[in-house]
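# Summary of structural features
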Amino acid sequence: MPAPDFAAARGPRSLNRSPTSPRTLFASAMTVLSVLFTLLALIPLVAVLAYVVVNGLPRLDIAAFTQLPPAPGLRGGGFGNALLGTLLTVVIAAAISIPFGVVAAIYLSEFGRDTRLAEWVNFFTNVLSGVPSIVIGAFAYAVVVLTTGTFSAVAGGVALAILMLPTIVRTAAEALEAVPNDFRQAAIGLGATRLQTTLKIVLPAAVPAILTGIMLAIARAAGETAPVLFTASFSRYWNTTVWQPTATLSRLVFDFATAPYASQQQLAWTGSLVLVALVLVTSILSRLVTQRRRK
Amino acid sequence: MASTTDHSSPMNRKRSAATRLIDDGFVWGTTAIAIAVGLLLAVIALQVGEDALPAIQKFGLGFLVSNRWSVIDGEFGALTQIYGTLVTSFIALLIAVPIGVGVAIFLSEDFLPPRIKQPIVFLVELLAAIPSVVYGLWGIFVLIPFLSPIGIWLNANLGWIPLFSTAPAGPGIYAAGLVLAIMILPIIAAISRDAMVAVPAELRQAAYGLGATRWETIFQILLPAGFSGIAGGVMLALGRAMGETMAVTMLIGNSNTIDSFSILSQGSTVSSLLANQFAEAGGLQVSALMYAALVLFGLTLVVNVLAEIVVRRFSLKL
């Protein structure tokens, strides 16, 4: 039986598609469209960053970081108290969420792996990360503000802690699970208890990755406004205690963005620049750290 | 065997009761805290529900269908805000789903060498990292001045369509929807990309082997195979859009009444209502706001649980 002559059967056409066939044209058009969509998606990023840098830089001076907000209509001033307030609320949030988050992650990775209970905890933690931050603010308002009778840095810290918790649990659990099982077996083989294995072997090996997750969670929390809106609230003065209304940088940006005074709008842009820089630097750092670890 | 244990050998030394107690206590302690973290979701729902109780008893389900929010009369209904939440989220999905899936396709195919592709993937992710309040600030000073002429043109030329029947006055539902689209785009792009990358290579090779072009493969093989992952991502994005607060509050105009279906008119969402009124609220108003928060919580919970189930089922299958 002679081999069928495909080339002859198809006439002069080759295996290459004709560049003018409808199928090829459609494919080329779609390729162009997808490139356009990707460029379109990057426009807001470039535009936001450019405007924040251009409008924020002029007031990026020492006074901005050290002075109190200017009274309406006055020039100068800064967001020193808001920066301190953001630091306060974030430190409180970290102090609450890191221990709970890491310990819960230890259970998920070390003792509960593949159990029904761990699956449920994972599920609820994931759903918790989808709860609107403003609802978490309402919860913190009910639990802390209504019971203590005052807006405070603590109330803001509690709200941010709940917001950070799912991120910390997830990244810490992933970090712990990435520790090779040989470590655990070696430790148990040497007679270590589960407590010793976890605290002296597994946890130290996972610390860099856990810290990366915590850093990301903190940077995101520092930029969050909705949860501190009516928990930490706002103040034009320096904090003397954590039980008083506390300004945060994100709330200051919100207030001053809608204020009619140029000097306050200026500060809103500079405050945004600080927030964006914080988030970008931590995102890039954590990415470099994870990349290096993969290599 | 145990009776003949040689206690001098370290191999056979039994741990003291105290050591074992501490060790068991450690395991139980971590378990208890993990359960507590899991239960936090329920605690939030119960607490918000408890504070909403007076308003729930007073207004019942009528709260959901009344559009009167009057602090002075003590009459509260959240229809305007629920409508605003749904419409802004819908506009956001309408814009972000095609673009997000387009980006996902572009970044999951081999159009670009990995050296160039990886940074672009990272840049798209960075869109999600910019704080919401910064988008709001940018929206007020850049986006709205840019959009206003477009809105005026739409109203002047297409005003007979109910969607464009009012003249825009700066902020409005359309501006809030557009910023929401920017904010949820990275979620859709990232999860859709994961879904498409996870489609087994054999499917793609088989399609190419049968002579399909790249885009025939994408539309007829990759998108259907990755559909559940993409759907999960879209639902997660929807949940995020419904709960997003700051940028929306700064751009939607915060009007507590609806008088038309125009997307050029000002409006409010449940979250912007909470953001605007909580700090100065008292008495029944706090309770009504808690009721609104509970409604928002319920809406996002349903969407997120469905998304979680879809994504989970999809990741188990592949």
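Everything here concerns the structure above.
Residues numbered from 1 in each chain as written. Chains lettered and ligands numbered in written order. Predicted model: local features only at pLDDT ≥ 70, side-chain atom pairs only at ≥ 80, totals over all residues. Heavy atoms only, no water.

Per the secondary structure count, chain B includes 12 helices and two strands. Counting helices and strands in the order they occur from the N terminus, chain B gives α-α-β-β-α-α-α-α-α-α-α-α-α-α. Since a compact globule built from 318 residues should have a radius of gyration of about 20 Å, the 26 Å found for chain B marks it as more spread out than a globular shape. Each principal axis of the C-alpha distribution contributes one length, and for chain B these read about 95 × 65 × 35 Å. Scored against the burial criterion, the 318 residues of chain B give a buried share of 52%. Put simply, 74% of the contacts in chain B that link residues at least 6 apart link residues at least 24 apart. Accessible surface computed for chain B: about 14,200 Å², of which carbon and sulfur atoms make up 68%. One finds the centroid of the 15 positive side-chain charges in chain B at a distance of 10 Å from the centroid of its 17 negative side-chain charges. (Helix = DSSP H or I, 4+ residues; strand = E, 2+ residues; numbered from the N terminus. Rg over C-alpha atoms; globule rule 2.2 N^0.38 Å. Buried < 20%, exposed > 50% of the residue type's maximum accessible area, 1.4 Å probe, protein only. Contact = heavy atoms within 4.5 Å. Areas by Shrake-Rupley, 256 points an atom, 1.4 Å probe, with all protein chains shown as cover. Lys, Arg positive; Asp, Glu negative; His and termini not counted. Charge placed at Lys NZ, Arg CZ, Asp CG, Glu CD.)

Right, let's talk about the overall build of chain A for a bit. A tally of helices and strands in chain A yields 12 helices and zero strands. A compact globule built from 295 residues should have a C-alpha radius of gyration of about 19 Å, whereas chain A, at 27 Å, is more than 25% larger. Across its three principal axes, chain A shows a C-alpha extent of roughly 95 × 65 × 35 Å. Counting every position in chain A, which comprises 295 residues, the buried fraction comes to 49%. Look at the contacts in chain A between residues 6 or more apart in sequence, and 71% of them connect residues 24 or more apart. A total accessible area of about 14,000 Å² is found for chain A, and carbon and sulfur atoms account for 68% of it. Of the side chains in chain A, 20 bear a positive and 10 a negative charge, and the two mean positions are spaced by 7 Å.

Residues and elements named next belong to chain A. Across all of its chains, the model carries one cavity of 30 Å³ or more by this definition. Computed from the structure, the largest cavity encloses a volume of approximately 40 Å³. Every residue lining the largest cavity is listed: Thr-86, Thr-89, Val-90, Leu-160, Ala-221, Ala-222, Glu-224, Val-228, Thr-248 and Ser-250. Only helix H4 (80-111) and helix H9 (194-223) provide two or more residues apiece to the lining of the largest cavity. Ranked by the residues each element gives to the lining of the largest cavity, the list is headed by H4, at three residues. (1 Å grid on protein atoms, 1.4 Å probe; cavity = no way out; pocket = protein on both sides within 12 Å on 5 of 7 lines; lining within 4 Å. Points joined across faces, edges and corners; volume = space filled by probe spheres on them.)

One recurring pattern in soluble globular proteins: nonpolar side chains tend to sit buried together. Counting residues in each nonpolar core, the largest one holds 182 residues, and the members touching the most others are Ile210(A), Phe63(B), Tyr135(B), Phe278(B) and Met290(B). It is helix H6 (residues 173-197) of chain B that provides the largest number of residues to this core, a total of 17 residues. (Core = buried A, V, L, I, M, F, W, Y, C linked by side-chain atoms within 4.5 Å.)

Take the packing of aromatic side chains next. Scanning the entire structure with this criterion turns up 20 aromatic pairs over all chains. With 5.8 Å between their ring centres and 25° between their planes, Trp120(A) and Phe124(A) make a pair best called stacked. Here Trp120(A) and its partner Phe124(A) are both found in helix H5 (residues 116-129), four residues apart, which amounts to about one turn of the helix. An aromatic cluster is present here, built from Phe26(A), Phe106(B), Phe111(B), Trp215(B) and Phe219(B) joined pairwise through their rings. Directly above the aromatic system of Phe111(B) lies the positively charged group of Arg214(B), at a separation of 4.3 Å from the ring centroid. (Phe/Tyr/Trp six-rings, centres within 6.5 Å; stacked < 30°, edge-to-face > 60°. Lys NZ or Arg CZ within 6 Å of the ring centre and 35° of its normal.)

Note that an α-helix has 3.6 residues per turn; residues three or four places apart therefore point the same way. Within helix H11 (residues 270-277) of chain B, seven of the eight residues are buried, which leaves it mostly tucked inside the rest of the structure. Those residues of H11(B) lying buried are Val270(B), Ser271(B), Ser272(B), Leu273(B), Leu274(B), Ala275(B) and Gln277(B).

Here we take up the layout of surface pockets. Empty space within the second largest pocket amounts to approximately 390 Å³. Taken together, 19 residues make up the lining of the second largest pocket; nearest its centre are Leu40(A), Ile43(A), Pro44(A), Leu178(B) and Ile182(B). Taken together, the elements giving at least two residues each to the lining of the second largest pocket come down to helix H2 (22-56) of chain A together with helix H3 (79-108), helix H5 (132-158) and H6 of chain B. It is H5(B) that provides the largest number of residues to the lining of the second largest pocket, a total of six residues. Taken together, the residues that form the lining of the second largest pocket break down as 19 nonpolar, no polar and no charged. (Nonpolar A, V, L, I, M, F, W, Y, C, P; charged D, E, K, R; others polar.)

Right, let's get into a negative patch on the surface. Residue and element names in this part refer to chain A. Where like charges cluster on the molecular surface, the negative patch consists of Asp-114, Glu-119, Glu-174 and Glu-177. With respect to the helices and strands, Glu-177 occurs in helix H7 (residues 153-177). What makes Glu-177 partly exposed here is its relative accessible area of 37%. (Patch = residues over 30% accessible without salt bridge, like charges linked within 9 Å, V, L, I, M, F, W, Y side chains within 5 Å. Salt bridge = Lys/Arg side-chain N within 4 Å of Asp/Glu carboxyl O.)

For the rest of this paragraph, the subject is a nonpolar patch on the surface. Residue and element names in this part refer to chain A. Side chains of Val-32, Leu-33, Val-35, Leu-36 and Leu-39 sit close together on the surface and give an oily, nonpolar patch of about 400 Å² of accessible area. Note on placement: Leu-33 falls in helix H2. What makes Leu-33 partly exposed here is its relative accessible area of 35%.

The partner chain A presents 81 residues to the 77 residues of chain B that form the contact. Counting the contacts that link chain B with chain A gives three salt bridges. Between Arg23(A) and Glu216(B) there is a salt bridge; the shortest N-O distance is 2.8 Å. If you tally residues by element for the side of chain B that touches chain A, the top one is helix H1 (residues 17-59) of chain B, at 20 residues.

Closest axis-to-axis distance for the H7(A)/H1(B) pair is 11 Å, and the angle between their directions is 150°. The angle between H7(A) and H1(B) falls in the class roughly antiparallel. Relative to H1(B), H7(A) is oriented so that their crossing is left-handed. Here Ile162(A), Leu165(A) and Val169(A) of H7(A) come into contact with H1(B), specifically with Val37(B), Leu40(B) and Ile44(B). Among the residues making up the contact of H7(A) with H1(B), the classes are represented as six nonpolar, no polar and no charged. (Axes fitted to C-alpha atoms, helices over the stretch in contact; angles between N-to-C directions. Parallel < 35°, antiparallel > 145°, perpendicular 65-115°, else oblique. Left-handed = near helix turned anticlockwise from the far one by under 90°.)

The values are spatial; any link to function lies outside them.
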